[in-house]
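Residue-level listing of the chains:
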Amino acid sequence: NAGVTQTPKFQVLKTGQSMTLQCAQDMNHEYMSWYRQDPGMGLRLIHYSVGAGITDQGEVPNGYNVSRSTTEDFPLRLLSAAPSQTSVYFCASSYSRGLGYGYTFGSGTRLTVV
Amino acid sequence: EDKVVQSPLSLVVHEGDTVTLNCSYEVTNFRSLLWYKQEKKAPTFLFMLTSSGIEKKSGRLSSILDKKELFSILNITATQTGDSAIYLCAVEENNDMRFGAGTRLTVKP
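What you see is a predicted model, and the numbers here were worked out from it, not measured in a lab. (Residues numbered from 1 in each chain as written. Chains lettered and ligands numbered in written order. Predicted model: local features only at pLDDT ≥ 70, side-chain atom pairs only at ≥ 80, totals over all residues. Heavy atoms only, no water.)

Asker: Please give an account of the packing of aromatic side chains that cites residues and values.
Answerer: When we look at a pair of aromatic rings, we describe it by the centre distance and by the angle of the planes. All names here are of chain A. Using the criterion set out here, one finds 13 aromatic pairs over all chains in the structure. Ring geometry for Tyr 35 against Phe 105: centres 6.3 Å apart, planes inclined by 50°, an arrangement best described as tilted. You can see Tyr 35 sitting in strand E4 (residues 31–38) and its partner Phe 105 sitting in strand E10 (residues 104–105), a full 70 residues away along the chain. Taking the relative accessible area as the measure of exposure, Tyr 35 reaches 0% and is therefore buried. (Phe/Tyr/Trp six-rings, centres within 6.5 Å; stacked < 30°, edge-to-face > 60°. Helix = DSSP H or I, 4+ residues; strand = E, 2+ residues; numbered from the N terminus. Buried < 20%, exposed > 50% of the residue type's maximum accessible area, 1.4 Å probe, protein only.)

Asker: So what's going on with the nonpolar core? Residues and values would help.
Answerer: Among the nonpolar cores identified, the biggest contains 21 residues, and Tyr 25, Leu 33, Trp 35, Tyr 87 and Leu 105 of chain B are the most heavily contacted of them. Every residue in contact with Leu 105 of chain B, bar those within four places of it in the chain, is listed here: Leu 11, Val 13, Val 19, Ile 76, Asp 83, Ser 84, Ala 85 and Tyr 87 of chain B. Leu 21, Cys 23, Cys 91 and Val 113 of chain A belong to the second-largest nonpolar core, a separate cluster that totals 19 residues. (Core = buried A, V, L, I, M, F, W, Y, C linked by side-chain atoms within 4.5 Å. Contact = heavy atoms within 4.5 Å.)

Asker: If you had to explain the sheet that holds strand E6 (residues 56–58) of chain B to someone new, which residues and values would you point to?
Answerer: Residue and element names in this part refer to chain B. Taken in spatial order, the five strands line up as E1-E3-E8-E7-E6 in an open sheet, and their pairing is antiparallel. Two strands lie at the open edges of the sheet, namely strand E1 (3–7) and E6, each paired on one side alone. Neighbouring strand axes in the sheet, compared pairwise and without regard to direction, differ in orientation by 15° on average. Sheet topology note: the strand E3 (residues 19–26)/strand E8 (residues 71–76) ladder contains six bridges and is antiparallel. Following the sheet pairing, Ser 24 is matched in E8 by Phe 71. (Pairing = 2+ DSSP bridges. Axes fitted to C-alpha atoms, helices over the stretch in contact; angles between N-to-C directions.)

Have a look at this one:
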């Protein structure tokens, strides 16, 4: 099925642990991004990529790293997890950025840091 | 500072009611405004609006954009329990898409 696939769906981490959230899309979208969703705050952009080899920071990038070695994959790395990173994370992709194509979202990863 | 503000934050109605959700925005380089519906998981796309005054319609849902007054509304007529969800407004700029906090709609039988 075409779309955006995120893994894992749920994760519990201890403070200080690191992990990678996986995101893959099979729609040949150039633009991919990571958002976090917290109650009352909507979706906030963490990092985005406009194509393989190109990434940039969004609104809340601290504590996260990304890379884009292929068009299909855009993993998000938590370097040293903190309780403030407890959130629901969404990966999204689009044919292009800023041209009104809208985004396709993955089903989300619910992360709890204890 | 660029921002997208939705109101109300939550709304409880009964089946058959009509609701209007609001989204106002202040962004530097507006390209489009999008509405999404979020149930249990990922947001799903409803409408994209780029021009003022042109209503987009899909079944019982409709939306319109006012680029002069910088707002959009999403109308849902004859609401059903299946309309219960968080409705997200997002404004697309040159660099990213900025989301509002959402309106949580609950439709009671």
